[in-house]
Amino acid sequence: MTNSLINTMTIDSLKLPFSFAGEFVLLTLSDVVALFKVDNSFKTKFYTMFIVESGFGKLIIDNEVHDLKKGRVFFINYNQVFRLTEAENLKGEAVLFTRSFYNLIYTGNRKIKNDTAFSHLPSFMDFSKSDLVNFRAGINDIKKEFTQPEVLSKEIICLLLKASMLKYIRKTDNANYIDFKTNRKSNYIEQFKNLVEIHFKELKRTSDYSEKLTISANYLNALIKEKLDISAENVIQNRVILEAERLLLNTDLSVTEISFELGFSDKSHFGKYFKKITQESPNNFRKKFL
């Protein structure tokens, strides 16, 4: 753990010899191990896809531990905290890309638009040998365009990347992703989730968000319950607690410092908020993982 906030990484901050304007890069997994340093925690301002061909290790995403193994493809969303550990002889590819790069070409199809299609995707999918060969073919096409760029290479990579993400989404076999329908209700829900991601530190009431959406708090809560089966307040609380857990597990910040970082007036208020939702104190939660 570090003595400050979790390291936030951008593609530019990786100081690579070549990337597409700090918005897209393709690396080997051995490059990733060298760049991200085993046992260090990172929060990234880009999407990350790992395709594991061989080797072993652990990938910790937030507080969930996953095995790195052959045929497993990982997807790490913006702002998720991850850490590599016990990495050994890892081979495969890593695709790093920003929202702006993915939206370089927008098809008009909401299934492909990243701010909806990537919401709550599973952290990994296991591919059969034949499925992985098919998936890897698309990644190889991306690699050719990236390593030997020509006119329109960025645009071609963008489209190939969309195809790869759709294959990942299809692999989930989840109708919520595959049959996403565009309507006003869905738009409100996505806008709400995006607003929570931006403002959860300072805004913790449903009414704060309903005002920004220019709808009533009751209507917003009904929409969220209908779609997510939890209240709008729960969505806000869950995001605050997720960030609290990230800071407790990945930094040496004191509980008091974390409470201020998350917008609470004092340690006591934060402690009661955390315990009400998790049924344990921040210090007890931290001790469990030491």
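Within each chain, residue numbers correspond to sequence positions counted from 1 in written order. Local features in this predicted model are restricted to residues whose pLDDT is 70 or higher, and side-chain atom pairs enter the listing and the counts only when it is 80 or higher, whereas totals over whole chains, interfaces and linings include all residues. Computation of side-chain values covers all heavy atoms of the structure but excludes hydrogens and water.

Digging into the confidence of the model for the chain
Segments scoring low in pLDDT should not have their predicted coordinates read at a detailed level.
Then comes step 1: Of all residues in the chain, 94% have pLDDT values of 70 or greater, and the mean over the chain is 89.
Then comes step 2: Note: pLDDT gives the predictor's confidence per residue, expressed from 0 to 100. Helix and strand assignments come from DSSP, with helices taken as H or I runs of at least 4 residues and strands as E runs of at least 2, each series counted from the N terminus. Per-element confidence in the chain ranges from a low mean pLDDT of 57 for helix H6 (residues 175-178) to a high of 97 for strand E6 (residues 72-76).

Section: helix H7 (residues 184-199)
Then comes step 1: Counted at 1.5 Å a residue, the expected span for H7 with its 16 residues is 22 Å, and the 22 Å between its end C-alpha atoms agrees.
Then comes step 2: Relative accessibility under 20% of the residue-type maximum defines a buried residue, over 50% an exposed one, and the middle range a partly exposed one, all with a 1.4 Å probe and only protein chains included. Of the positions making up H7, those classed as buried are Ser186, Tyr188, Ile189, Glu190, Phe192, Lys193, Leu195, Val196 and His199. Multiplying 1.5 Å by the helix residue count minus one yields the expected span of that helix.

As for unusual backbone geometry
Then comes step 1: One non-glycine residue, Asp62, lies in the positive phi region at around 55°.
Then comes step 2: In this structure, Asp62 sits in the loop between strand E4 (47-61) and strand E5 (64-68).
Then comes step 3: Given a relative accessible area of 12%, Asp62 falls into the buried group.
Then comes step 4: A positive phi is found at Asn79, a non-glycine position, where the angle reads about 70°.
Then comes step 5: By the element assignment, Asn79 lies in the loop between E6 and strand E7 (81-97).

Focus: the pairing of E4
Then comes step 1: For E4, the buried fraction is high: eleven of the 15 residues fall into the buried class.
Then comes step 2: Two strands make a pair as long as DSSP finds a minimum of two bridges between them. Bridge count for E4 against E7 is twelve bridges, and the pairing is antiparallel. Paired with Val52 across the strands is Gly92, a residue of E7.
Then comes step 3: Relative to E6, E4 runs antiparallel, the two being bridged by four bridges. Residue pairing in the sheet places Met49 in a bridge with Phe75 of E6.
Then comes step 4: Relative to E5, E4 is paired through five bridges, and the arrangement is antiparallel. Note that in E5 the partner of Leu59 across the bridge is His66.
Then comes step 5: Counted along the chain from E4 to the antiparallel partner E5, the turn is two residues long, and its residue Asp62 has a positive phi close to 55°.

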